[in-house]
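Residue-level structure breakdown
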Amino acid sequence: MEWGEQQPIGRTVGRRVPPPPGEPPTRAAMEFSKLANLLPRRTPKGVFRYRSHDEMKADRERWTVDAMVAIARSRG
């Protein structure tokens with residue numbers, strides 16, 4: 001098979017097209033940003049330095065469990 005004989009891509013699904021400069025965001029984009037602000041943050045902000053991967057893994061698991069508990073409590 002030569003270089004130019006590959007099958008071309010016919011269609012790409014799900015690619016975002018940015019709005020032109022100066023145009024306000026769409027209603028869907030604004031609704032998504034509101035929803036994203038309501039969800040609990042899984043990881044606290046900041047820079048974390050660990051002595052080992054095990055320490056990092058323990059913190060990440062604790063934050064994940066805390067977020068799962070918060071979601072479960074908010075649902076009732």
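Anything mentioned here points back to the structure above.
Below or above, wherever it landed, is the structure these notes cover. (Residues numbered from 1 in each chain as written. Predicted model: local features only at pLDDT ≥ 70, side-chain atom pairs only at ≥ 80, totals over all residues. Heavy atoms only, no water.)

1. Observations regarding the overall build of the protein chain
From N to C terminus, the protein chain includes 2 helices and 0 strands. Residues classed as buried in the protein chain amount to 4% of the 76 residues present. For the protein chain, the accessible area works out to roughly 8,100 Å², and carbon and sulfur atoms hold 55% of it. (Helix = DSSP H or I, 4+ residues; strand = E, 2+ residues; numbered from the N terminus. Buried < 20%, exposed > 50% of the residue type's maximum accessible area, 1.4 Å probe, protein only. Areas by Shrake-Rupley, 256 points an atom, 1.4 Å probe, with all protein chains shown as cover.)

2. So, helix α2 (residues 53-75)
Given a rise of 1.5 Å per residue, 23 residues ought to cover 33 Å, and the 33 Å separating the end C-alpha atoms of α2 matches this to within 8%. If you check which residues of α2 are buried, you get Asp59, Trp63 and Ala67. (Expected span 1.5 Å × (residues − 1).)

3. A look at the packing of aromatic side chains
In the structure shown here, the tally under the stated rule is 2 aromatic pairs. A centroid spacing of 6.5 Å and a plane angle of 15° characterise the contact between phenylalanine 48 and tyrosine 50, whose relative ring orientation is stacked. When its relative accessible area of 36% is taken as the criterion, phenylalanine 48 is described as partly exposed. The interplanar angle of 50° and the centroid separation of 5.1 Å between the aromatic rings of phenylalanine 48 and tryptophan 63 together place this pair among those described as tilted. Of this pair, phenylalanine 48 sits in the loop between α1 (27-38) and α2 while tryptophan 63 sits in helix α2, placing them 15 residues apart in sequence. (Phe/Tyr/Trp six-rings, centres within 6.5 Å; stacked < 30°, edge-to-face > 60°.)

4. Quick look at the pattern of salt bridges
For the coordinates displayed, the defined rule picks out 2 salt bridges. Across the salt bridge formed by glutamate 55 and arginine 51, the nearest N and O atoms sit 3.7 Å from each other. Residue classification places glutamate 55 among the partly exposed positions, given a relative accessible area of 32%. With a closest N to O distance of 2.5 Å, aspartate 59 and arginine 62 form a salt bridge. Separated by 3 residues within a single helix, aspartate 59 and arginine 62 lie in helix α2, roughly one turn from each other. Of the residues examined, aspartate 59 reaches a relative accessible area of 18% and is grouped as buried. A relative accessible area of 44% means that arginine 62 is categorised as partly exposed. (Salt bridge = Lys/Arg side-chain N within 4 Å of Asp/Glu carboxyl O.)

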